[in-house]
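Architecture and fold: a report
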Amino acid sequence: MWMKFLLAFIPVSLLLEYALHAPPLWVFLTSVIAIIPLADLLRQATEQVAARAGQTIGGLLNVTFGNLAELIIAVFVLLAGNITVVKAQITGSIIGNALLGLGLAILIGSFGRNTQKFSRSNAGQLNSMLFLVVIALLIPALFDYTERLPDFLAGSDTVRANLDEYLSLGVAVVLIAVYALNLVYTLVTHKDAFAMEEENGHGHGDLWPVWRAAATMIGATALIALESEMLSGALEATSTTLGLSPFFLGIIVLAVVGNFAEYIAGSYFARKGQIGLAINIAVGATIQVALFTAPVLVIISYVIGKPMNLVFSSPLELVAIVAVALIVTTVTKDGEATWFEGVLLIAVYLLLGLSFYFVTPRVQGEGASLPVPAGVIQAGGQAYTHTPGMPAAA
């Protein structure tokens, strides 16, 4: 019911943007809230169509539309030229799904239960894919670092940037191919191994008429695109008003908004005792972001003339991605989940969130720094912490 209540923010956000010309902060906040129920509607409609289409076609539909809200947000942020924010959103989606989404599902699902059991073989398959994600996202960063060394021949920043772009396109093609083959593996050649838990857990209830599901998908997609355009236009002004970097808004706020429907679905199924399905949703969404959404964004970026590579130059982002694979594998390797393991996952997410809050990236191509959090001041291009009541460092 509260999702239906949040739909009221759609006309509110449109009124603020086009009629009242309200401050960007209010447009940003209402657009963010409006996207949440729209993403949930899109998820429901996709599941309804997938239920009628059969397992193979249904799986392809879920791949195409499962992260569509997040993809649309990223495209409009990309069109606005905020490539760093798009990369931050990718990182935020990876850590948000695997840490926050899975942590909430385990925690909520464990109330009143000592342990919850799930398939170790399915979890092992997902964990193997997570380590592929780590390798795929580390290689472009390590390549970029290698080309900066004096013994290599990048020659200039422009040449190195071109090499990064070519490598990222190649990596994107490989990742999409691997994801397609993973679909063949799970939906065709080994579908019996993955079908049992789906049959035991994922009922669709009364199916919608086809016209209703199709109209909902089209309408929700169009409204998400409109809200995303408004959100991206208000992003930088909002970051200035709140004293937060666009990087933080991308890695925490936009990532959570784009994947909120998965958090709700995972927690719902975990509470019903279907923790295996919740793990498939959370970790599967993480894998889908890295192996499908991110590569597709790289290709789209070239089509629209704003090329984006897969070089995550921030060591903090790379550490976060490695941490996801390590802790998720540790938690799921025994085929059991307890409430405290949910706490551990959420704790790691909060620690990473704190570090992303205090980090101070620079605007691409400019010398000026982005807005920094309260309690941090800048002087001479350097950032210094300032304790209230004490004189600032000279």
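Residues numbered from 1 in each chain as written. Predicted model: local features only at pLDDT ≥ 70, side-chain atom pairs only at ≥ 80, totals over all residues. Heavy atoms only, no water.

In the nomenclature of an unreviewed UniProt entry, the protein corresponds to Ca(2+)/H(+) antiporter from the organism Deinococcus depolymerans. Comment text from UniProt for the protein, heading Subcellular location (unreviewed entry), reads "Endomembrane system". On record in UniProt, under Sequence similarities (unreviewed entry), the comment for the protein is "Belongs to the Ca(2+):cation antiporter (CaCA) (TC 2.A.19) family." (UniProt positions renumbered as here; feature names shortened; annotations may be inferred.)

Brief notes about the overall build of the protein
The number of helices and strands found in the protein is 14 helices and four strands. For the protein, buried positions account for 49% of its 394 residues. At a minimum sequence separation of 6, the contacts of the protein that also span at least 24 residues come to 80%. With the model as given, the accessible surface of the protein reaches about 17,900 Å², and the carbon-plus-sulfur share is 68%. (Helix = DSSP H or I, 4+ residues; strand = E, 2+ residues; numbered from the N terminus. Buried < 20%, exposed > 50% of the residue type's maximum accessible area, 1.4 Å probe, protein only. Contact = heavy atoms within 4.5 Å. Areas by Shrake-Rupley, 256 points an atom, 1.4 Å probe, with all protein chains shown as cover.)

Here's the deal with the pattern of salt bridges
Pairing is possible between side chains that carry opposite charge, provided their charged atoms lie close to one another. For the structure shown, the criterion picks out four salt bridges. Salt-bridge contacts for R43 lead to D40; the nearest nitrogen and oxygen are separated by 2.8 Å. Taken as a pair, R43 and D40 lie in helix α3 (residues 24–53) at a separation of three residues, close to a single helical turn. Owing to a relative accessible area of 22%, R43 belongs among the partly exposed residues under this scheme. Taking the shortest distance from any N to any O, the salt bridge between R160 and D144 comes out at 3.3 Å. Highlighted residues: R160 in helix α8 (residues 157–189) and D144 in helix α7 (residues 120–147), separated in sequence by 16 residues. (Salt bridge = Lys/Arg side-chain N within 4 Å of Asp/Glu carboxyl O.)

Let's talk about the packing of helix α11 (residues 246–271) against helix α12 (residues 275–303)
At their nearest, the axes of α11 and α12 sit 7 Å apart, and the two run at 160 degrees to each other. When the axes of α11 and α12 are compared, the pair comes out roughly antiparallel. For the pair α11 and α12, the crossing hand works out as left-handed. Within the contact between the two elements, α11 uses E262, A265, G266, F269 and A270 and α12 uses I275, L277, A278, I281 and A285. Of the residues that constitute the contact of α11 with α12, the class distribution is eight nonpolar, one polar and one charged. (Axes fitted to C-alpha atoms, helices over the stretch in contact; angles between N-to-C directions. Parallel < 35°, antiparallel > 145°, perpendicular 65-115°, else oblique. Left-handed = near helix turned anticlockwise from the far one by under 90°. Nonpolar A, V, L, I, M, F, W, Y, C, P; charged D, E, K, R; others polar.)

Digging into the environment of V27
Its place among the elements puts V27 in helix α3. Under the relative-accessibility criterion, V27 is labelled buried at 1%. Ignoring any residue separated from it by four or fewer positions in sequence, one finds V27 in contact with L16, E17, A22 and M230.

Concerning helix α13 (residues 315–332)
Turn by turn, an α-helix covers 3.6 residues, leaving residues three or four places apart pointing in a common direction. Taking 1.5 Å per residue, 18 residues should reach 26 Å; α13 reaches 26 Å between its end C-alpha atoms and fits that length. Among all positions of α13, only E317, L318, A320, I321, V324, A325, I327, V328, V331 and T332 are buried. The elements touched by buried residues of α13 are α6 (83–109), α7, α11, α12, β2 (336–337) and α14 (339–358). (Expected span 1.5 Å × (residues − 1).)

Quick look at a nonpolar patch on the surface
Taken together, the side chains of L79, I299, V303 and I304 present a nonpolar region at the surface, about 330 Å² in accessible area. Note that V303 resides in helix α12. Relative accessible area serves as the criterion here: at 67%, V303 is assigned to the exposed category. (Patch = residues over 30% accessible without salt bridge, like charges linked within 9 Å, V, L, I, M, F, W, Y side chains within 5 Å.)

Things to note about the side chain of E341
Among the secondary structure elements, E341 is positioned in helix α14. Of the side chains with opposite charge, K333 lies nearest to the buried E341, which makes no salt bridge, at 9.1 Å. For E341, the residues in contact, after removing those within four places along its chain, are V331, D334 and E336. (Lys, Arg positive; Asp, Glu negative; His and termini not counted.)

Brief notes about α11
Along its 26 residues, α11 runs 35 Å from first to last C-alpha, staying within 8% of the 38 Å computed at 1.5 Å per residue. A maximum bend of about 55 degrees is found in α11 at N259. Counted residue by residue, α11 has 21 buried out of 26 residues, so it is predominantly covered. Positive phi shows up at G273, right after α11, with a value of about 90 degrees. (Bend = angle between axes of the 7 residues up to and from the residue.)

Considering unusual backbone geometry
The residue H21 is not glycine, and still its phi comes out positive at about 50 degrees. Residue placement: H21 occurs in the loop between α2 (9–19) and α3.

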